[in-house]
Structures are given as C-alpha cells and as structure tokens.
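A look at the structure
Here are the chains, one letter per residue:
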Amino acid sequence: MTTVTHALAPIILVKLFRLKNDTLSKYDYLWIAISGGLADVINPHIYLKDRLTSWSHGLPFWVVFSLLLLILSVCLKKKFRFQVAIFCSFAYLLHLFCDGISGGINLFYPVQNYLWGMNLVPFNYWIPLDVVNLMLVYYLFRWRRLRSGEI
C-alpha cells in the first residue's frame with residue numbers, strides 16, 4: 001500500500017473508536033499519521049523484494065520504535081502523552097500488517113528471515129484505497145462536524 005494509506009488508516013481507526021470522547025489534538029493525530037507512514041519514509045522501497053529486506057519493515061524495529069515512544073512519553077509527559085505513544089506504536093504495527101496483506105513482509109528482519117504475508121490487496125487497488133481514505137478523513141474531521149454545527 002502507499003504511504004498515504006499507511007498514514008491515514010490509523011487516524012481513521014483512532015478517530016472512529018474515540019468519536020464520543022475525543023481529547024486528542026490535531027498534533028496528536030499528526031504524530032499518529034507520521035508514525036503510520038514512517039516505515040516507508042525512513043527506508044523507502046519500490047519493489048517487493050526491497051520491502052522484504054527493509055529493516056524498517058520488521059518487528060524488531062517496531063519494538064525499538066515502541067520503546068522510544070514510551071521513553072518519550074515518560075520524559076515529555078505534558079507534550080507527548082502515553083496514550084498518544086500507544087496510538088503511534090499501533091499505527092506503525094498497522095503499517096506492517098497492511099504491507100503483510102498487500103504482498104508480504106519479512107517479519108523478523110534483520111534478526112532472522114521469516115516471510116509472512118499474502119496478496120489480499122493487489123497493487124491496482126492501492127490508489128483507489130488512498131482516495132477512500134482521504135474521503136473518510138475529510139468526513140470524520142470536517143464534514144461530520146460541519147453537518148452537526150460544531151464548526
């Protein structure tokens with residue numbers, strides 16, 4: 001999937017689960033979106049074989065990233081809350097899962113080779129999926145609020 005979907009899918013899920021009591025700021029959502037797309041940004045790839053040898057597309061890096069997020073949330077309690085750290089970690093893990101169902105990932109790379117995945121989301125659906133995600137984000141963050149009179 002594209003980086004657009006990786007960034008938008010986690011904020012859609014977080015927003016849907018928090019519709020009633022959403023206390024997250026726009027910056028919190030921005031950190032979640034950045035975390036969702038981070039694996040592709042820090043180690044870009046075009047071909048599936050490149051993704052399968054990408055150190056950012058394995059569980060070992062996700063563990064390191066999650067620990068860094070938790071440390072940040074402890075050190076910067078007021079600026080980066082623990083809850084946001086958990087959502088950011090979830091966003092990164094969702095990225096790995098989405099790549100897993102759209103061609104596969106090397107789950108434990110670079111520690112060990114273990115290919116996992118399938119091709120449930122073929123390449124020709126990636127751009128339409130981006131469009132759907134963009135429309136959902138617009139609906140959840142703007143249109144819904146306009147219709148209810150919040151804005």
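Each chain carries its own residue numbering, running from 1 in the direction its sequence is written. Thresholds applied to this predicted model are a pLDDT of at least 70 for local features of residues and 80 or more for the giving and counting of side-chain atom pairs; totals over whole chains, interfaces and linings are not thresholded and use all residues. As a rule here, side-chain values cover all heavy atoms of the structure and leave hydrogens and water aside.

1. Some thoughts on the state of the cysteines
Linking two cysteines covalently via their sulfur atoms produces the bond known as a disulfide. Any two cysteine sulfur atoms within 2.5 Å of one another count as a disulfide. Scanning the entire structure with this criterion turns up zero disulfides. C75 provides the cysteine sulfur closest to C88, a residue in no disulfide bond, and the two sulfurs are 16 Å apart. C98 takes part in no disulfide bond, and the closest cysteine sulfur to it belongs to C88, at a distance of 16 Å. Throughout this description, buried means an accessible area under 20% of the type-specific maximum (1.4 Å probe, protein chains only), exposed means over 50%, and partly exposed covers the range between. When its relative accessible area of 9% is taken as the criterion, C98 is described as buried.

2. Observations concerning the environment of S56
A helix here means a DSSP run of H or I that spans at least four residues, while a strand means a run of E at least two residues long, and both kinds are numbered starting from the N terminus. In this structure, S56 sits in the loop between α3 (48-51) and α4 (59-75). Sequence separation of S56 and V41 is 15 residues, and the distance between their C-alpha atoms is 9.3 Å. From its side chain, S56 meets the backbone oxygen of A39 in a polar contact 2.8 Å long. Definition of a polar contact: a pair of N or O atoms within 3.5 Å, with one able to donate and the other able to accept a hydrogen when the atoms are protein atoms, and with sequence-neighbouring residues admitted only if both atoms are side-chain atoms. Of note is the side chain of S56, whose polar atom sits 3.2 Å from the side chain of H57.

3. Focus: the pattern of salt bridges
Salt bridge, as applied in this entry: a Lys or Arg side-chain nitrogen positioned within 4 Å of an Asp or Glu carboxyl oxygen. Under the criterion given, the structure shown has four salt bridges. K15 serves as the salt-bridge partner of D22, at 2.8 Å between the closest nitrogen and oxygen. Note on D22: relative accessible area 24%, which makes it partly exposed. Taking the relative accessible area as the measure of exposure, K15 reaches 8% and is therefore buried. The salt bridge involving R18 is made with D22; its shortest N-O contact spans 3.6 Å. Because the salt bridges share partners, they merge into one network encompassing K15, R18 and D22.

4. Brief notes about the packing of helix α2 (residues 26-42) against helix α5 (residues 82-100)
Between the N-to-C directions of two axes lies an angle of 0 to 180 degrees, each axis being a line fitted to C-alpha atoms and, for a helix, fitted only over the stretch in contact. Put simply, α2 and α5 touch, their axes get as near as 8 Å, and they point 35° apart. By crossing handedness, the relation of α2 to α5 is classed as right-handed. Mapping the contact onto sequence places D28, W31, I32, S35, G36, G37, L38, A39, D40 and I42 in α2 and V84, F87, C88, A91, Y92, H95 and D99 in α5. In the scheme used here, Gly and all other residues not listed as nonpolar or charged are polar, with Ala, Val, Leu, Ile, Met, Phe, Trp, Tyr, Cys and Pro taken as nonpolar and Asp, Glu, Lys and Arg as charged. Along the lines of polarity and charge, the residues of the contact of α2 with α5 split into ten nonpolar, four polar and three charged. What makes a crossing left-handed is the near helix being turned counterclockwise from the far one by less than a right angle; a clockwise turn instead makes it right-handed. The criterion used for residue contact is that any of the two residues' heavy atoms lie within 4.5 Å.

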